[in-house]
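# Structure assessment
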Amino acid sequence: MSNPRRPETVAAHAASHPDPLTGAVIPPLHLSTTYERDEDLGYGRGRCYARADNPSFDAAAATLDGLEGGTGTLLFASGMAAATAVFQALAPGDHVVVGRVMYWALRAWLTGAASRWGLTVSFVDTADLDAVRAALRPGQTKLIWAETPANPLWTVSDIAALAELAHAAGARLAVDSTAATPVLTRPLSLGADLVVHSASKYLNGHSDVIAGTVTAARADEFWAAIKAVQVQQGGVPGAFEAWLLQRGLRTLFLRVRAQSASALTLAERLSAHPAVAAVLYPGLPDFPGHEIAARQMNGGFGGMLSIRVKGGRERAIATAARVELWRRATSLGGVESLIEHRASIEGPTSPVPDDLLRLSVGIEAVEDLWTDLATALDAATLA
Ligand SMILES: *Cc1c(COP(=O)(O)O)cnc(C)c1O
């Protein structure tokens with residue numbers, strides 16, 4: 001390779017070369033669990049056992065590494081396996097500062113298993129730098145964890161500022177960049193030490209793979225500890241899931257740019273709809289955090305937004321009940337648009353308002369999405 005490749009090109013080729021054996025342009029699927037040892041008992045071809053050395057992981061891992069600008073990417077069986085591996089690479093007694101608004105299953109794990117295991121967890125608003133500064137315990141705080149934009153209120157945290165705070169306190173910054181994707185934000189270039197994705201969402205993009213990734217800025221001892229969690233606990237994807245992920249990554253830029261453009265159109269129109277009390281979207285100029293988003297997100301503000309429906313919980317649920325094109329389902333980042341009443345999924349401890357509907361914008365014609373949603377909002381208001 002002579003000329004540097006732009007990110008769109010890296011993604012389109014998924015870091016693969018034609019198969020030297022057959023000339024196949026698309027990488028083969030490797031199902032073998034084990035690899036032959038040399039006569040002198042070495043592993044001259046670099047592979048031993050598929051939990052650690054699966055060649056089907058290589059294309060997706062190398063693509064992500066290129067897109068995020070990292071020195072290594074690990075694939076996990078899910079976004080949760082990826083995220084928890086980062087915390088499990090810490091030691092009992094360590095203190096972590098995490099966002100109060102974040103992916104709910106990770107919040108549940110942090111208040112449950114992680115706390116029992118001995119991590120001390122402070123939940124703060126990571127968009128509020130003073131609150132983060134006050135929560136840091138120099139010497140004991142080892143990690144700041146920020147999701148940005150954060151599910152499902154899409155709060156934006158300032159990655160560069162958080163990295164400075166973390167480093168001054170002797171801690172690392174990990175960013176859950178699932179909603180932003182490397183198309184829009186590259187946390188490592190802003191100073192973050194680790195970037196984590198639920199690859200089940202935009203990276204794969206077709207709602208047919210559960211997987212997660214961790215990419216590191218440096219191959220240091222903390223990275224080695226995360227890798228040890230991955231290999232020893234074995235929370236790795238199957239070969240076919242990893243293969244599907246490299247296929248999904250090839251269209252990442254087209255999908256995310258289209259989804260971001262449609263989400264902005266919908267956010268603007270929904271802001272003017274009489275049945276909507278508020279639209280939460282980092283691309284709207286009056287959204288708190290818009291300025292930071294405009295600085296650290298390039299080429300769009302993502303495909304995720306939420307609306308608060310006038311009339312509260314019942315009106316919100318009635319709206320979701322009336323859509324015909326949007327699918328009523330959890331998850332996000334697929335090519336098909338999803339609508340979800342979030343509070344009822346998260347349960348009674350959820351900080352999410354009862355009147356909130358989360359929208360994951362797909363790649364359908366935006367006018368079809370708008371007509372369906374506006375009709376449902378109107379019908380729910382009249383009912
Ligand atoms: C879905 C999600 C996760 C968890 O990922 P899984 O692949 O479902 O385990 C973590 N963070 C964010 C922001 C998510 O949306």
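For every chain, the first residue of its written sequence is number 1, and the numbers climb from 1 along that sequence. Given that this is a predicted model, residues contribute local features only at a pLDDT of at least 70 and side-chain atom pairs are listed and counted only at 80 or more, while totals for whole chains, interfaces and linings are drawn from all residues. Water and hydrogen atoms play no part in the side-chain values, which are based on all heavy atoms of the structure.

### Points about the site of the ligand
To be near a molecule or strand, a residue needs just one of its heavy atoms within 4 Å of it. By nearness alone, 13 residues border the ligand, and Gly79, Met80, Asp176, Ser200 and Lys201 come closest of all. Pairing of N or O atoms within 3.5 Å defines a polar contact, subject to two protein rules: one partner must be a possible hydrogen donor and the other a possible acceptor, and residues neighboring in sequence count only if both atoms are side-chain atoms. In the model, an oxygen atom of the ligand is placed 2.8 Å from a nitrogen or oxygen of the Gly79 main chain. Take Ser200: an N or O atom from its side chain is 2.6 Å from an oxygen atom of the ligand. If the ligand stood free it would expose 390 Å²; the protein chains cover 92% of that surface. Classification used: nonpolar for Ala, Val, Leu, Ile, Met, Phe, Trp, Tyr, Cys and Pro, charged for Asp, Glu, Lys and Arg, polar for all others including Gly. Tallied by class, residues from the shell around the ligand come to four nonpolar, six polar and three charged. To measure how exposed things are, a 1.4 Å probe is used in the Shrake-Rupley method; for residues, cover is taken only from the protein chains shown.

### Some words on the sheet that holds strand S2 (residues 95-99)
Through backbone hydrogen bonds, the strands of a sheet pair up, either in parallel or in antiparallel fashion. Here seven strands make up an open sheet; going across it, the order is S1-S7-S6-S5-S4-S2-S3 and the pairing mixed. With one partner strand each, in any of the chains shown, strand S1 (72-76) and strand S3 (120-124) form the two edges of the open sheet. Taken pair by pair, the neighbouring strands of this sheet meet at an average axis angle of 20°, ignoring direction. Strand pairing follows a simple DSSP-based rule, namely that at least 2 bridges must link the two strands. Helix numbers and strand numbers start at the N terminus; a helix is a DSSP run of H or I with at least 4 residues, a strand a run of E with at least 2. Sheet topology note: the strand S5 (residues 172-176)/strand S6 (residues 194-198) ladder contains three bridges and is parallel. The residue bridging Asp176 from the neighbouring strand is Val196, located in S6. By definition, residues are in contact when any of their heavy atoms lie within 4.5 Å. Fitting a line to C-alpha atoms yields each axis, with helices limited to the stretch in contact; the angle taken between N-to-C directions then spans 0 to 180 degrees. Lying over the sheet, helix H4 (residues 79-88) contacts S1, S2, strand S4 (141-147), S6 and strand S7 (212-216), oriented at roughly 155° with respect to S6. Packing of helix H10 (residues 221-233) onto the sheet brings it into contact with S1, S5, S6 and S7, and relative to S1 it is tilted by some 25°.

### A few points about a nonpolar patch on the surface
Residues enter a patch when their relative accessible area is above 30% and they make no salt bridge; the linking distance is 9 Å between like charges and 5 Å between nonpolar side chains (Val, Leu, Ile, Met, Phe, Trp, Tyr). A carboxyl oxygen of Asp or Glu within 4 Å of a side-chain nitrogen of Lys or Arg is what we treat as a salt bridge. Among the surface-exposed residues, Leu29, Leu31 and Phe240 lie close enough to one another that they form a single nonpolar patch of about 300 Å² accessible area. Along the chain, Leu29 turns up in the loop between helix H1 (7-13) and helix H2 (50-53).

### Section: the side chain of Glu68
If you trace the backbone, Glu68 turns up in helix H3 (residues 58-68). Burial here depends on accessible area, computed with a 1.4 Å probe over protein chains only, as a share of the maximum for the residue type. Under 20% is buried, over 50% is exposed, and the range in between is partly exposed. Asp and Glu are treated as the negative residues and Lys and Arg as the positive ones, with His and the ends of the chain left uncounted. Look at Glu68: it is buried, it has no salt bridge, and the nearest opposite charge is Arg186 at 5.5 Å. Only 2.6 Å separates the side chain of Glu68 from the side chain of His197, close enough to count as a polar contact. For Glu68, the residues in contact, after removing those within four places along its chain, are Pro182, Thr185, Arg186, Pro187, Leu188, Val195, His197 and Thr215.

### Some points on the pairing of S6
Judged by how many residues are buried, S6 sits mostly within the fold: five of five residues are covered. Here S6 shows a buried face lined by Leu194, Val196 and Ser198 and a second buried face lined by Val195 and His197.

### Examining the pattern of salt bridges
Side chains that carry opposite charge are capable of pairing whenever their charged atoms lie near each other. Here the structure, examined in full by the defined rule, presents 16 salt bridges. The partner of Asp355 in a salt bridge is Arg308, with the nearest N and O atoms 2.9 Å apart. In this pair, Asp355 sits in the loop between helix H15 (342-346) and strand S12 (356-360) while Arg308 sits in strand S9 (residues 304-309), placing the two residues 47 residues apart along the sequence. Residue classification places Arg308 among the partly exposed residues on the basis of a relative accessible area of 30%. A salt bridge links Glu340 to Arg358, with the shortest nitrogen-to-oxygen separation between them at 3.1 Å.

### Details of the environment of Ser157
As for its placement among the helices and strands, Ser157 is situated in the loop between S4 and helix H8 (159-168). Given a relative accessible area of 1%, Ser157 falls into the buried group. Separated by 3.4 Å, the side chain of Ser157 and the backbone nitrogen of Ala127 make a polar contact.

### Section: the packing of helix H12 (residues 252-271) against helix H16 (residues 366-382)
Between H12 and H16, the shortest axis-to-axis distance is 10 Å and the interhelical angle comes to 30°. On the basis of the axis angle, H12 is roughly parallel to H16. Classified by chirality, the crossing of H16 by H12 is right-handed. Contact with H12, carried on its side by Ser262, Thr265, Leu266, Arg269 and Leu270, involves Val366, Glu367, Leu369, Trp370, Leu373 and Leu377 of H16 and no other residues of that element. Looking at side-chain class alone, the contact of H12 with H16 contains seven nonpolar, two polar and two charged residues. Angle categories: roughly parallel below 35 degrees, roughly antiparallel above 145, roughly perpendicular from 65 to 115, and oblique for all the rest. For a crossing to be left-handed, the near helix must be turned anticlockwise from the far one by less than a right angle; the clockwise case is right-handed.

### Section: H12
Given 3.6 residues to a turn, an α-helix orients residues that are three or four positions apart in the same direction. Helix span is expected to be 1.5 Å times the residue number reduced by one. Taking 1.5 Å of rise per residue, 20 residues should cover 28 Å, and H12 covers 28 Å from first to last C-alpha, within 8% of that figure. Taken together, the buried positions of H12 are occupied by Leu252, Phe253, Arg255, Val256, Gln259, Ser260, Ser262, Ala263, Leu266, Ala267 and Leu270.

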